[in-house]
There are 2 protein chains.
Amino acid sequence: MEGENNMKTVAYLGPKGSFTEVAAKALLPNETHIPFRSIPDCMDAVNEDAVDRAIVPLENAIEGSVNITLDYLIHHQRMEMAAEVTAPIFQNLMTNKKHADDWKEIDAVYSHPQAIAQCHQFLRNYIPNAEIRYTNSTAEAAKFVSESEEKIAALANETSASEYGLAIVKSKVNDYKNNSTRFIALQKGSLNKSFEQMDGVSLYKTTIMVTLPLDYTGALHQVLSAFAWRKINLSKIESRPMKTGLGNYFFIIDIDMKKDEVLIPGVQEELKALGCKVEVLGSYPCFQWEALCALQNK
Amino acid sequence: MEGENNMKTVAYLGPKGSFTEVAAKALLPNETHIPFRSIPDCMDAVNEDAVDRAIVPLENAIEGSVNITLDYLIHHQRMEMAAEVTAPIFQNLMTNKKHADDWKEIDAVYSHPQAIAQCHQFLRNYIPNAEIRYTNSTAEAAKFVSESEEKIAALANETSASEYGLAIVKSKVNDYKNNSTRFIALQKGSLNKSFEQMDGVSLYKTTIMVTLPLDYTGALHQVLSAFAWRKINLSKIESRPMKTGLGNYFFIIDIDMKKDEVLIPGVQEELKALGCKVEVLGSYPCFQWEALCALQNK
């Protein structure tokens, strides 16, 4: 079915109006978008062939990696990282319209833990007495507020405010304005590589997972040597727990190039010779937000 | 007031019955323990001299770093890391006694996001239809369940079950049994160093923060070289976002030794010569759980 371009389905972290839905629609505007309740549910749906792909958040510029995505991918549901898109993130405080004028007297703020963390200073400065209540997503918070009679607010994006008929009482309230999130498209390896034929690609990345043989002095230094002498640039290196006890880590390394026939296989061979386990999680195009938006407005 | 050993106060992430309270009481059994609502609140209390120290979680063996602790320490409230204790973590499913027999029919499970993540497989296998609701802490979940008439459950520790009169219906339900959390004592630099006079110290660590001058190829490799040729062992290296945009990171490095007069200053000088910014966040004794428990049972 090479070159096939018929209607496909994509799972995203819902509910409707979430940041992930906005990212999924920017990256894959012509597919059918289906909300799922959690990141693992999105990935399970791909594995069970209920959908063709999943779009999930991977890393936020302020809060760092979305651990559940990496951990579920590594430990439970291995699939291919097939594309990346980085979207700007703005949080807004929103209430039901009847509470819009007295929002400083709200009793509680609902949102996803990462959104709450992103607005920590704002919440302390403006509504220090409001209770903090966590939800599975920012859009779920907006939905909950819209269905409640109580004097409560949600931190969520503009799409959620219009989706659920809420009034934005204070916009762009995230403490750091330069905020964005990397979303990743996950799919089974067998799916055709239509992402590579799309416009708007800014660069390629290859993500690998490296497990060190033993926790010996200088092991990571040796691993990095394999990249350094080849002048291969790494855009990220992150340690994650092996889940076998404190102090046991593996490393996720983002390489700033497409998997080639010479350099990356050379690194892999060298790391294996050092006793490391090396797995390629994906080699994929990265899309710029502005480029995708421009394509859609054409 | 050198050598002073009178009653001091310690802030911990509450409410009563939390894992952090258990850790605080093991490390500092003779101090007054005061619960605070959030990790930043604990650290603010130290800064405002409302308490002498704070005990907060730093890293979980399964879920990785507790980002809010590191980020608040780095970006908002710099203070000294003064001691570390690693405590075993077991999550238990608990309900009000009247619901203990039909726990498989509960409508919702309440807990902290990290505890929910730690029991992900258990929840899917045993109570897949129960809604997931997040709380600020596992103990808060237990407290909430104890005050509710609904058919709900909490994931929390044994101390919480007895503190709030709940029945443990399924014990040790965390997916990975080898679970533990590193807790850290934070204090102002001026406090006397009574931790170093305590029994139960297993080793020393020095934690430093390194900011690379530019995101150039091989920068981290050069940083690690400064440790490798001195045969200094690193127990952890972690990248965290600078909060200035995706791709800008600093590194938190745990060195397996006490800050000395030769090796660590040598590393610092070398890294500064490379254009890095280096800050020592603390050099502190690490306490073994079994040793602390044995001391208290003497």
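Thresholds, definitions, all that
Residues numbered from 1 in each chain as written. Chains lettered and ligands numbered in written order. Predicted model: local features only at pLDDT ≥ 70, side-chain atom pairs only at ≥ 80, totals over all residues. Heavy atoms only, no water. Least-squares fit on C-alpha atoms with pLDDT ≥ 70 in both. Core = buried A, V, L, I, M, F, W, Y, C linked by side-chain atoms within 4.5 Å. Buried < 20%, exposed > 50% of the residue type's maximum accessible area, 1.4 Å probe, protein only. Contact = heavy atoms within 4.5 Å. Buried area = accessible area lost by both parts, 1.4 Å probe. Salt bridge = Lys/Arg side-chain N within 4 Å of Asp/Glu carboxyl O. Polar contact = N/O pair within 3.5 Å; in protein donor to acceptor, adjacent residues only side chain to side chain. Helix = DSSP H or I, 4+ residues; strand = E, 2+ residues; numbered from the N terminus. Nonpolar A, V, L, I, M, F, W, Y, C, P; charged D, E, K, R; others polar. Phe/Tyr/Trp six-rings, centres within 6.5 Å; stacked < 30°, edge-to-face > 60°. Lys NZ or Arg CZ within 6 Å of the ring centre and 35° of its normal. pLDDT = per-residue confidence, 0-100. Domains from an automatic or database assignment.

Novice: Looking at this structure, how should I read the relation of the copies chain A and chain B?
Specialist: Put simply, the second copy of the chain is the first one after a rotation about an axis and a shift along it. Of the two same-sequence chains, chain A is brought onto chain B (RMSD 0.0 Å, axial shift 0.0 Å) by a rotation of 180 degrees. Seen this way, the second copy is the image of the first under a two-fold rotation axis. When C-alpha distances to the rotation axis are compared across chain A, the minimum falls at Y134 of chain A, with a value of 2.6 Å.

Novice: What is the right way to read the nonpolar core from this model?
Specialist: Here is a general trend for soluble globular proteins: nonpolar side chains tend to be buried in one another's company. One finds F227 and I253 of chain A together with F227 and I253 of chain B to be the most contacted residues of the largest nonpolar core, which totals 42 residues. Not counting residues within four places of it along the chain, the set of residues in contact with F227 of chain A comprises I208, I232, L234, I253, I255, V267 and L271 of chain A. Residues A153 and V173 of chain A together with I116 and A153 of chain B belong to the second largest nonpolar core, which totals 36 residues.

Novice: I would appreciate a short explanation of the interface of chain A and chain B in the present structure.
Specialist: Listed per partner, the contact involves 55 residues of chain A and 55 residues of chain B. Roughly 4400 Å² is buried in total at the junction of chain A and chain B, and carbon and sulfur atoms are behind 51% of that figure. If you look at where chain A meets chain B, you find four salt bridges. Across the pair R124 of chain B and D41 of chain A runs a salt bridge, and its minimum N-O distance is 3.0 Å. If you look at where chain A meets chain B, you find ten residue pairs in polar contact (both at pLDDT 80 or more). Top contributing element to the side of chain A that touches chain B by residue count: strand 13 (residues 234-241) of chain A, with eight residues. Partitioned by chemical class, the residues of the side of chain A that touches chain B number 19 nonpolar, 21 polar and 15 charged.

Novice: Can you walk me through the packing of aromatic side chains in this structure?
Specialist: Ring pairs (aromatic) are described by centroid distance and by the angle formed between their planes. Residues and elements named next belong to chain B. The full count for this structure, using the stated rule, is eight aromatic pairs over all chains. The ring of F90 carries K172 above its face, with NZ or CZ at 4.3 Å from the centroid. We note K258 situated over the ring of Y204; from NZ or CZ to the ring centre the distance is 4.6 Å.

Novice: Would you mind going over the confidence of the model for chain A with me for this structure?
Specialist: Interpretation of the predicted coordinates at a detailed level should be avoided for regions scoring low in pLDDT. All names here are of chain A. Residue-level pLDDT values for chain A average 88, and 92% of them are 70 or greater. Across chain A, element-level confidence peaks in strand 6 (residues 92-95) with a mean pLDDT of 98 and bottoms out in strand 4 (residues 64-65) with 70. Contacts of residues 1-5 to residues separated by more than four positions or lying in other chains number three contacts, the stretch itself having pLDDT below 50.

Novice: Would you take a moment to explain the domain arrangement of chain A for this structure?
Specialist: Residue and element names in this part refer to chain A. Looking at chain A, the domain boundaries give domain 1 (9-88 + 180-296) and domain 2 (92-170). Between the C-alpha centres of domain 1 and domain 2 there is a distance of 31 Å. In this complex, domain 1 contributes 14 residues to the contact, which on the side of domain 2 involves 13 residues. The contact between domain 1 and domain 2 buries some 1000 Å² in all, and 55% of this surface belongs to carbon and sulfur atoms. If you look at where domain 1 meets domain 2, you find zero salt bridges. There are four residue pairs in polar contact (both at pLDDT 80 or more) connecting domain 1 and domain 2. Elements that contribute at least two residues to the side of domain 1 that touches domain 2 include exactly helix 1 (19-27) and strand 4. Taken together, the residues that form the side of domain 1 that touches domain 2 break down as five nonpolar, six polar and three charged.

Novice: Would you mind going over the environment of E270 of chain A with me for this structure?
Specialist: All names here are of chain A. Mapped onto the elements of the fold, E270 is located in helix 9 (residues 263-273). A relative accessible area of 28% means that E270 is categorised as partly exposed. In this structure the C-alpha to C-alpha distance between E270 and S225, which are 45 residues apart in sequence, comes to 9.9 Å. A distance of 2.8 Å separates polar atoms of two side chains, one belonging to E270 and the other to R230.

Novice: Would you mind showing me how to read unusual backbone geometry here?
Specialist: Negative phi is the rule for most residues except glycine; trans is the rule for most peptide bonds. Residues G14 of chain A and P15 of chain A are joined by a peptide bond in cis, for which omega reads 0 degrees. Relative to the helices and strands, P15 of chain A resides in the loop between strand 1 (9-13) and helix 1. Positioned with a positive phi, D49 of chain A is a non-glycine residue whose angle comes to about 60 degrees. With respect to the helices, strands and loops of the structure, D49 of chain A is situated in the loop between helix 2 (39-47) and strand 3 (53-60). One non-glycine residue, K231 of chain B, lies in positive phi territory at about 55 degrees. Residue placement: K231 of chain B occurs in the loop between helix 8 (219-228) and strand 13 (234-241).

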